[in-house]
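# Working through the structure, step by step
The chain contents come next:
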Amino acid sequence: MRGFILKTTLVKEEDLVVTILTKNRVLRLYRFYGARHSTINVGFLIDFEEEETAVQINRLRNVMQIGFTFLLDINKMIIWQNFIKLLNEHFFEIEEIDSFYFDMLMNITHNFDRNPKRVLVENYVKLLEFEGRLHNDFECFLCEKPIKNRVNLARGYLTACEECIPKKGFEIEKIRTLFNEKKTLLLDEKEIESLFHILMLGI
């Protein structure tokens, strides 16, 4: 079985409770004697076995890491791990999930080296659409009026007008392209940085 590590929690000495996102489930497994095995960390993709036990939590066994080149770049690794931590919060107390999330993470890892923040912004829009939370009608969520020229985005990429959120927004056509085509081609690096900052407020 394969899965992405969403969280590790130290229990006693070197034992861990490991939260893993697999194709269809979020597992919480116990790993004994962590110091005697290879290091595992948030964001790693692992191949593993789940061993059933008579107690409440099953065991994590026979772990093998599957590496990505971007994990060798400290800046990219930090961006990746911060996104994974947000995803872990998103799945709080959830066990059964759609394969969309695992497939999304696999897609991200295949493209992460080219431009991490652009890749995450594009995939976040896909996630919002999948969950039915993408507001592409371009109506301000505060005053409920149609947005004409420039649009601001709040947490969850909720659309707002510049009157309700008084700061410089984005050209509406750029965000419309992002929402419809899931592409950031029209956005410059400063705009990507802004969109990434909004993403990091919470999934």
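We now turn to the structure provided with this report.

### Regarding the packing of helix H2 (residues 100-111) against helix H3 (residues 116-130)
At a minimum axis distance of 10 Å, the contact between H2 and H3 shows a crossing angle of 165°. In terms of their interaxial angle, H2 and H3 are classed as roughly antiparallel. Read as a crossing pair, H2 and H3 show a hand that is right-handed. Here Phe100, Tyr101, Met104, Asn107, Ile108 and Asn111 of H2 come into contact with H3, specifically with Val119, Leu120, Asn123, Lys126, Leu127 and Phe130.

### Points about the sheet that holds strand S6 (residues 150-154)
If you walk across this open sheet you meet the three strands as S7-S6-S8, and the pairing is antiparallel. Strands at the two margins of the open sheet, each flanked by one partner only, are strand S7 (158-160) and strand S8 (170-171). As paired strands, S6 and S8 are joined by two bridges and run antiparallel to one another. What sits directly across from Val151, in S8, is Phe170.

### Concerning the pattern of salt bridges
Applying the stated rule across the entire model yields 14 salt bridges. Between Asp103 and Lys23 there is a salt bridge, with the nearest N and O atoms lying 2.4 Å from each other. In this pair, Asp103 sits in helix H2 while Lys23 sits in the loop between strand S2 (16-21) and strand S3 (26-31), placing the two residues 80 residues apart along the sequence. One salt bridge in this structure joins Glu51 and Arg59, with 3.5 Å as the shortest N-O distance.

### Here we look at H2
The terminal C-alpha atoms of H2, which comprises twelve residues, lie 17 Å apart, in line with the 16 Å expected from a rise of 1.5 Å per residue. Of the positions making up H2, those classed as buried are Phe100, Tyr101, Phe102, Met104, Leu105, Met106, Ile108 and Thr109. Where H2 is buried, its residues contact strand S1 (2-10), S2, strand S4 (45-51), helix H1 (74-90) and H3.

### A look at the packing of H3 against helix H5 (residues 189-199)
Look at H3 against H5: their axes get within 9 Å of each other, and the N-to-C directions meet at 55°. Classed by the angle they form, the pair H3 and H5 counts as oblique. In the packing of H3 onto H5, the handedness of the crossing is left-handed. Residues Lys117, Arg118, Leu120, Val121 and Tyr124 of H3 touch H5, and the partners they reach there are Glu189, Ile192, Glu193, Leu195, Phe196 and Leu199. For the contact of H3 with H5, the class distribution of residues is seven nonpolar, no polar and four charged.

### Re the environment of Lys174
Within the secondary structure, Lys174 is located in helix H4 (residues 172-181). Residue classification places Lys174 among the buried positions, given a relative accessible area of 15%. Along the sequence, Lys174 and Ile147 sit 27 residues apart, while their C-alpha atoms lie 13 Å from each other. Ignoring anything within four residues of it in the chain, the contact list for Lys174 reads Leu186, Leu187 and Glu191.

### A look at the nonpolar core
Core analysis: the largest hydrophobic core is formed by 69 residues, its most contacted members being Leu105 and Tyr157. Not counting chain neighbours up to four residues away, the residues in contact with Leu105 comprise Phe4, Leu21, Trp80, Phe83, Ile84 and Leu87.

### What to know about the pairing of S4
Relative to S4, S1 is paired through three bridges, and the arrangement is antiparallel. Residue pairing for S4: Arg2 is matched across the bridge by Asp47.

### Notes on the side chain of Asn152
Looking at where Asn152 falls in the secondary structure, it is placed in strand S6. In this structure the side chain of Asn152 is engaged in a polar contact, spanning 2.8 Å, whose partner is the backbone oxygen of Ile165. Dropping the residues within four chain positions of it, Asn152 is found in contact with Leu158, Thr159, Ala160, Cys161, Glu162, Ile165, Lys167, Lys168 and Gly169.

Rules and cut-offs
- Residues numbered from 1 in each chain as written.
- Predicted model: local features only at pLDDT ≥ 70, side-chain atom pairs only at ≥ 80, totals over all residues.
- Heavy atoms only, no water.
- Axes fitted to C-alpha atoms, helices over the stretch in contact; angles between N-to-C directions.
- Helix = DSSP H or I, 4+ residues; strand = E, 2+ residues; numbered from the N terminus.
- Parallel < 35°, antiparallel > 145°, perpendicular 65-115°, else oblique.
- Left-handed = near helix turned anticlockwise from the far one by under 90°.
- Contact = heavy atoms within 4.5 Å.
- Pairing = 2+ DSSP bridges.
- Salt bridge = Lys/Arg side-chain N within 4 Å of Asp/Glu carboxyl O.
- Expected span 1.5 Å × (residues − 1).
- Buried < 20%, exposed > 50% of the residue type's maximum accessible area, 1.4 Å probe, protein only.
- Nonpolar A, V, L, I, M, F, W, Y, C, P; charged D, E, K, R; others polar.
- Core = buried A, V, L, I, M, F, W, Y, C linked by side-chain atoms within 4.5 Å.
- Polar contact = N/O pair within 3.5 Å; in protein donor to acceptor, adjacent residues only side chain to side chain.

Geometry only, nothing functional implied.
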